[in-house]
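Analysis of the macromolecular model
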Amino acid sequence: MKTRRNFIKSSAFGAMGVITTSACSSEKNNPPRATENLVRKPTVISTWNHGMQSNEASWKIIESNGTALDAVESGVRVVESDPTGHSVGIGGAPDRDGKVTLDACIMNHQNKCGAVAFLENIENPVTVARKVMEETPHVMLVGEGAYRFAREQGIPHQNLLTAESEKMWKEWLKTSQYEPEINVENHDTIGALALDRFGNLAGACTTSGMAYKMRGRVGDSPIIGAGLFVDNEVGAACATGLGEAIVRVAGSAVAVELMRAGKSPQDACEEVINRIMEKHDDLENIQVGLLALDKFGNVGAHSIYENFNYALTRQDRHELVDSPFKISY
Ligand code: SD4
């Protein structure tokens, strides 16, 4: 990670590329302010460049009057199934033992949720997470139990370690330096949030986690409230970056609660990033990006370092947007 940094006054970037209107309070408890944009705009947002592929699939569903839940699942599945991505699904970077282990979760507009963690040999963990939500009385299954459940649901076994990922891992083995460093090379979790034409929100988050992590390590991505949170009364949020830092502040749940308290999606994301920065003495290897979407389709994003971006798709837009950030390289 670069050493020379400039602390950027976030206000200078606050509105960059972001739909800034702030509709966020629970209508029941807090009547909307006159300046808020109250038209519900079907919207899909998702993290990083591969969000464009994901959003494209999601938008087809939103456009044809599908649900936000179907939209986010279908979107992130595209990225999970892309072997060229080294941070999600097939082709994901393995752990230090050379095994690809996946984490994912999904949440709907009724606060129903499902998650899997430490799941091996299944290409689309988000679909297993959805099945945990819909077919079991539980919220999370992990490891062998999650794998067995997926197989029982008819999902095929699949080797996830591609030749390319194996080569990269073998290269890493030469030094085997265990540096749980999150930077632009090894993090690209996909988190996706959608608001459908019925005014309902849903979200999904899926990852292979930190490259060359300790075996058994699980980050924020499958943890409801950390990597993802949805409350249909208010909004939704998802996170990417160093999972340990996100879990420590319950990043996504806090972003939603800040929106409930009246903050715009943009300000809510920034506040969570501020909290993470306050809790860490050394920010050297800690990148975190937050996305938020309120129930009207207003969006927000913020990150610790520059280079976090997200895909934004609406009726008239389909583009990558650079997130505001705190620290430039
Ligand atoms: C994790 N949050 O496992 C994930 C990694 C990530 O972009 O988001 N990478 O900690």
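The preceding data block contains the structure.
Structure report, in brief. This is a predicted model, so every value here is computed, not measured. For every chain, the first residue of its written sequence is number 1, and the numbers climb from 1 along that sequence. Given that this is a predicted model, residues contribute local features only at a pLDDT of at least 70 and side-chain atom pairs are listed and counted only at 80 or more, while totals for whole chains, interfaces and linings are drawn from all residues. Values shown for side chains rest on all heavy atoms present in the structure; no hydrogens or waters enter the calculation.

Points about the environment of Glu271
- We count a stretch as a helix when DSSP gives it H or I for four or more residues in a row; a strand needs E for two or more, and each element gets its number in order from the N terminus. Mapped onto the secondary structure, Glu271 falls in helix α9 (residues 265–279).
- For the pair Glu271 and His302, spaced 31 residues apart in the sequence, the C-alpha separation amounts to 8.9 Å.
- Apart from the residues lying within four places of it in its own chain, the contact partners of Glu271 are Leu258 and Lys263. It only takes one pair of heavy atoms within 4.5 Å for two residues to be counted as in contact.

Observations regarding the sheet that holds strand β7 (residues 201–207)
- Between any two strands, at least two bridges found by DSSP are needed for them to pair. One open sheet holds the eight strands; their spatial order is β5-β4-β3-β7-β6-β2-β12-β13, and the pairing between them is mixed. Bordering the open sheet on either side are β5 (140–142) and β13 (317–322), each of which pairs with just one other strand. Recorded for the sheet is a direction-independent mean angle of 10 degrees between the axes of neighbouring strands.
- The pairing of strand β4 (residues 113–119) with β5 spans three bridges and is parallel. Considered in β5, the bridge of Ala117 is made with Val142.
- In this analysis, axes come from line fits to C-alpha atoms, helices being fitted only over the stretch in contact, and the angle between any two N-to-C directions falls in the range 0 to 180 degrees. Sitting on the sheet, helix α2 (residues 51–63) is in contact with β2 (43–47), β6 (190–195), β12 (309–314) and β13, with an inclination near 155 degrees to β2.

With respect to the state of the cysteines
- Counting rule for disulfides: a pair of cysteine sulfur atoms within 2.5 Å. Inspection of the entire model under this criterion finds zero disulfides.
- Cysteine Cys113 is unpaired, with the sulfur of Cys105 as its nearest cysteine sulfur at 7.8 Å.

Some thoughts on the site of the ligand
- Surveying the vicinity of the ligand reveals 12 residues, the closest of which are Thr189, Arg217, Asp220, Thr240 and Gly241.
- Polar contacts here mean pairs of N or O atoms no more than 3.5 Å apart (in protein, one a potential hydrogen donor and the other a potential acceptor; neighbouring residues in sequence count only if both atoms are side-chain atoms). Contacts to the ligand include Thr189, whose side-chain N or O atom sits 2.6 Å from an oxygen atom.
- Contact distances for the ligand include 2.7 Å between a nitrogen atom and a backbone N or O atom of Gly241.
- In isolation the ligand has 280 Å² of accessible area, and contact with the protein removes 99% of it.
- Here the nonpolar group is Ala, Val, Leu, Ile, Met, Phe, Trp, Tyr, Cys and Pro; Asp, Glu, Lys and Arg are the charged ones; every other residue, Gly included, is treated as polar. In terms of residue class, the shell around the ligand is made up of one nonpolar, eight polar and three charged. Residues are labelled near a given molecule or strand when at least one of their non-hydrogen atoms is within 4 Å of it. Per-residue and other accessible areas follow the Shrake-Rupley method at a 1.4 Å probe size, with only the shown protein chains counted as cover for residues.

Some words on the environment of Ala226
- With respect to the element layout, Ala226 can be found in the loop between β7 and β8 (228–231).
- We call a residue buried when its accessible area falls under 20% of the maximum for its residue type, exposed when it is over 50%, and partly exposed in between, using a 1.4 Å probe and counting protein chains only. With relative accessibility at 2%, the residue Ala226 sits in the buried group.
- Expressed as a C-alpha distance, the spacing of Ala226 and Cys238, which sit 12 residues apart in the sequence, is 7.6 Å.
- In contact with Ala226, not counting residues within four places along its chain, are Asp220, Ala239, Ile246, Val247, Ala250, Gly251 and Ser252.

Overview of the packing of aromatic side chains
- The aromatic pairing rule takes the rings of Phe, Tyr and Trp, using the six-membered ring of Trp, and pairs them if the centres are within 6.5 Å, calling planes under 30 degrees apart stacked, those over 60 edge-to-face and the rest tilted. Throughout the structure, instances matching the rule amount to two aromatic pairs.
- On the basis of an interplanar angle of 75 degrees and a centroid distance of 5.1 Å, the ring pair of Trp48 and Phe308 is categorised as edge-to-face. Here Phe308 lies in the loop between β11 (299–305) and β12 and Trp48 lies in the loop between β2 and α2, a separation of 260 residues in the sequence. This pair shows no difference in class: Trp48 is buried, exactly as Phe308 is.
- A ring pair is formed by Trp172 and Tyr212, whose centres lie 4.8 Å apart and whose planes are at 20 degrees; its orientation type is stacked. In this pair, Trp172 is assigned in helix α6 (residues 163–173) and Tyr212 in the loop between β7 and β8, connecting sequence segments 40 residues apart.
- A relative accessible area of 14% means that Trp172 is categorised as buried.
- Among the residues examined, Tyr212 registers a relative accessible area of 13% and is labelled buried.

Thoughts on the side chain of Ser323
- Its place among the elements puts Ser323 in the loop between β13 and β14 (325–328).
- Judged by its relative accessible area of 2%, Ser323 falls in the buried class.
- For Ser323, the side chain forms a polar contact with the main-chain nitrogen of His302, separated by 3.4 Å.

Considerations on the pairing of β6
- Of all six residues in β6, six are buried, a share of seventy percent or more.
- Where burial is concerned, the two faces of β6 agree: the one with Ile190, Ala192 and Ala194 and the one with Gly191, Leu193 and Leu195 are both buried.
- Sheet topology note: the β2/β6 ladder contains four bridges and is antiparallel. Looking at the pairing, Val44 lines up with Ala194 of β6.
- Strand direction decides the pairing type here: β6 and β7, joined by six bridges, are antiparallel. Considered in β7, the bridge of Ile190 is made with Thr206.
- Between β6 and β7, which pair antiparallel in sequence order, lie five residues; one of them, Gly199, sits at a positive phi of approximately 85 degrees.

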